[in-house]
Amino acid sequence: MANTELDFLKSALTTNSSIFPNEKILIWIEERRKTTRATVEQIPLELMRKWHRDELTGNLNHESGRFFSIEGICVRTNWGQVPAWEQPIINQPEIGILGFVTKKFDGILHFLVQAKIEPGNINTVQISPTLQATKSNYSQVHKGNRPRYLEFFNGETEVYLLLDQLQSEQGARFLRKRNRNIIIELPDTVEIEPHPDFIWLTIGQIKKLMRQDNIVNMDTRTVLSGISYGSYSAEILKGGVTLGSNEERAQMLESALNCESAFNNFKSILSWITRLKSTYDLNVDRIPLRQIREWMERDGEIRRKDGKYFSVIGVNVIIENREVISWDQPMIKPSQEGLIAFIVRPINGVYHFLVQAKLEAGNFDIIELAPTVQCLTGNYRVGESEYSVPYIKEVLSAANNSIFYDAMQSEEGGRFFKEQNRNIIIIVDEIFPLDVDNNYCWMTLNQILRLIEFNNYLNISARSLISAITFI
């Protein structure tokens, strides 16, 4: 395992490669965009092919009974300031695969990434994992072509397993949805010639692309967030990490590697999470979609009467390089962009992240850990929220010299229609108070990465931000 972590670290510190140089990447993405015809048109829900509304419930179902459905839920909880609500939600019980094929070139691990077009993508083409497929897709329920490189993930070909995790999707939009996040390495004896839609990149190159808006998709970010770079004592690291001239990135690396100098020990963090899960209730009942209050169907879509949060729309899709080139489907369309942010503070000389425990309707196990601030679809705006958002002022008023990372990033384009959130990490000084509310906790990056190794601890918004952290 130590060698695997070192291989990951070397790849993360390699920000360019002769295998596919940085100056060619955006050119390649633009070529893929121009080469592949892709059109997405919003259509009324009732006109979607192969989808129907259940006569009794009004739920949206595919004629195969597979893929996913749009249903209603009623939520009751003793968490927060809103004790009950109803909403539409995506019910997709299948566990999909988000997988990377990797291979060493010149001793550095490279990831086979795909230029993938999804119907909801901003910028049309985004960098995705080698394999990104629901169970219905890779089992060919749609009667289309088999996904490329599936043989490396289904046991047909012998490979080395580097990472294998079950991770959650958006808890506010999916009902207990999880995907298998997996990274495999090809033996030296296995050679593959990448299809024109695929190229080899290092982790460092992918992270560098994340500094730009909407280039790297959510599925790539969630898989990369699960990578651990190793754990070392403070004694080993006491000389400091010096990589280039950027001290903040070097300190991020020390926070990722240091397993001793934490404000809260790991057992106390696990106890804190367990206590919250034991204290708070989350009761979710599936109800007919047509019976949810405060929502209505108008002009061929389902939306809240006040226009907040999101709507359910239908789309007609044509994408030439997909297993099936034309289909219709429902999608979630946001009302506005959102904001997700981590506040980072040095404690005892090591960067700590202010992590929030958050309850969302679709969570698998009541509570997941979220960024310091997580406000989707614009509900953080003054006068538009039902509740106050802790630390929102500190994030929105952050000085430029305190911003470590700031980019717009898309939600997953297979289910969400052009949804993006501002992803931001700010570094505050030691004047920032250490005392925080009961549902917040200071953690080093090393502790966060340890938690990601387990299922259903960090939510997808937190993982998206963690994946964007660069060390050089």
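The structure reproduced in this document is the subject of the present report. (Residues numbered from 1 in each chain as written. Predicted model: local features only at pLDDT ≥ 70, side-chain atom pairs only at ≥ 80, totals over all residues. Heavy atoms only, no water.)

In terms of regular secondary structure, the protein is built from 11 helices and 24 strands. If you line up the protein on its principal axes, its C-alpha atoms span 70 × 55 × 35 Å. Taking all 472 residues of the protein together, the buried fraction comes to 60%. Sequence-distant contacts, at least 24 apart, represent 74% of the contacts inside the protein between residues at least 6 apart. Total accessible area on the protein stands at roughly 19,500 Å², and carbon and sulfur atoms take up 48% of it. (Helix = DSSP H or I, 4+ residues; strand = E, 2+ residues; numbered from the N terminus. Buried < 20%, exposed > 50% of the residue type's maximum accessible area, 1.4 Å probe, protein only. Contact = heavy atoms within 4.5 Å. Areas by Shrake-Rupley, 256 points an atom, 1.4 Å probe, with all protein chains shown as cover.)

Turning our attention to the pattern of salt bridges. In total, this model carries 22 salt bridges according to the counting rule given. Between R32 and D197 there is a salt bridge; the shortest N-O distance is 2.8 Å. Highlighted residues: R32 in helix α2 (residues 22–35) and D197 in the loop between β11 (178–185) and β12 (198–201), separated in sequence by 165 residues. R32 gets classed as buried once you look at its relative accessible area, which sits at 14%. Among the salt bridges present, the one from R322 reaches E323, with a minimum N-O distance of 3.9 Å. Classification of R322 by relative accessible area gives buried; the value is 14%. In this structure, a network of salt bridges that share partners links the residues D7, K104 and E185. (Salt bridge = Lys/Arg side-chain N within 4 Å of Asp/Glu carboxyl O.)

Another aspect to go through is the environment of L458. Summarising the element assignment, L458 is placed in the loop between α10 (445–452) and α11 (460–467). Excluding anything up to four places from it in sequence, L458 contacts Q167, S168, E368, L369, I448, L451, I452 and R463.

Before going further, it helps to spend a moment on helix α5 (residues 218–225). Because the α-helix completes a turn every 3.6 residues, residues three or four places apart line up on one side. With 8 of 8 residues buried, α5 is to be regarded as a mostly interior element. Every buried residue of α5 is listed here: M218, D219, T220, R221, T222, V223, L224 and S225. If you check the start of α5, you find a side-chain oxygen 3.2 Å away from the backbone N of D219, and it comes from N217. (Polar contact = N/O pair within 3.5 Å; in protein donor to acceptor, adjacent residues only side chain to side chain.)

Counting buried positions along helix α7 (residues 247–257) gives 8 out of 11 residues, so the element sits mostly inside the fold. Within α7, burial applies to R249, A250, M252, L253, E254, S255, A256 and L257. Of the residues that open α7, the one with a side-chain oxygen 3.2 Å from the backbone nitrogen of E248 is N246.

The next subject is the nonpolar core. Counting residues in each nonpolar core, the largest one holds 88 residues, and the members touching the most others are F111, Y229, M252 and F353. Of all hydrophobic cores here, the second largest spans 21 residues; its members include F174, I287, I292 and F416. (Core = buried A, V, L, I, M, F, W, Y, C linked by side-chain atoms within 4.5 Å.)

When you tally the buried positions in strand β16 (residues 310–319), you get 9 out of 10 residues, the bulk of the element. Relative to β16, strand β1 (residues 38–43) runs antiparallel, the two being bridged by 6 bridges. Bridging from a neighbouring strand, I43 pairs with G314 of β16. Note that strand β15 (residues 301–304) and β16 share 2 bridges and pair antiparallel. (Pairing = 2+ DSSP bridges.)

Moving on to the side chain of R221. Relative to the helices and strands, R221 is located in helix α5. Here R221 occupies a buried position and makes no salt bridge, while the nearest side chain of opposite charge, E411, is found at 5.2 Å. In terms of polar contacts, R221 uses its side chain to reach the backbone carbonyl oxygen of S410, at 2.8 Å. (Lys, Arg positive; Asp, Glu negative; His and termini not counted.)

This brings us to the environment of I273. Inspection of the secondary structure puts I273 in helix α8 (residues 266–279). The exposure class assigned to I273 is buried, which follows from its relative accessible area of 3%.

A word on unusual backbone geometry. Of note in this structure, Y149 is not a glycine but carries a positive phi near 70°. Secondary-structure assignment places Y149 in the loop between α3 (135–138) and β10 (160–168). The backbone of I366 sits at a positive phi, close to 70°, despite the residue not being glycine. Within the secondary structure, I366 sits in the loop between β19 (350–359) and β20 (367–370).

Attention now moves to the packing of aromatic side chains. For any pair of aromatic rings, the description consists of the separation of the ring centres together with the inter-plane angle of the planes. Inspection of every chain in the model, using the stated rule, returns 16 aromatic pairs. For the ring pair F342 and F353, a centre distance of 5.4 Å and an interplane angle of 90° mean the geometry is edge-to-face. Of this pair, F342 sits in strand β18 (residues 338–347) while F353 sits in strand β19, placing them 11 residues apart in sequence. Across the pair, exposure class does not vary: F342 and F353 are buried alike. When the ring of F454 is compared with that of Y457, the centres are 6.1 Å apart and the planes differ by 65°; the resulting orientation is edge-to-face. Members of the aromatic cluster, joined through ring pairs, are Y391, F432, Y440 and W442. A cation over a ring is seen here: R178 above F364, with NZ or CZ 4.0 Å from the ring centre. Its end group placed over the ring of F471, K207 keeps NZ or CZ at 5.8 Å from the ring centre. (Phe/Tyr/Trp six-rings, centres within 6.5 Å; stacked < 30°, edge-to-face > 60°. Lys NZ or Arg CZ within 6 Å of the ring centre and 35° of its normal.)

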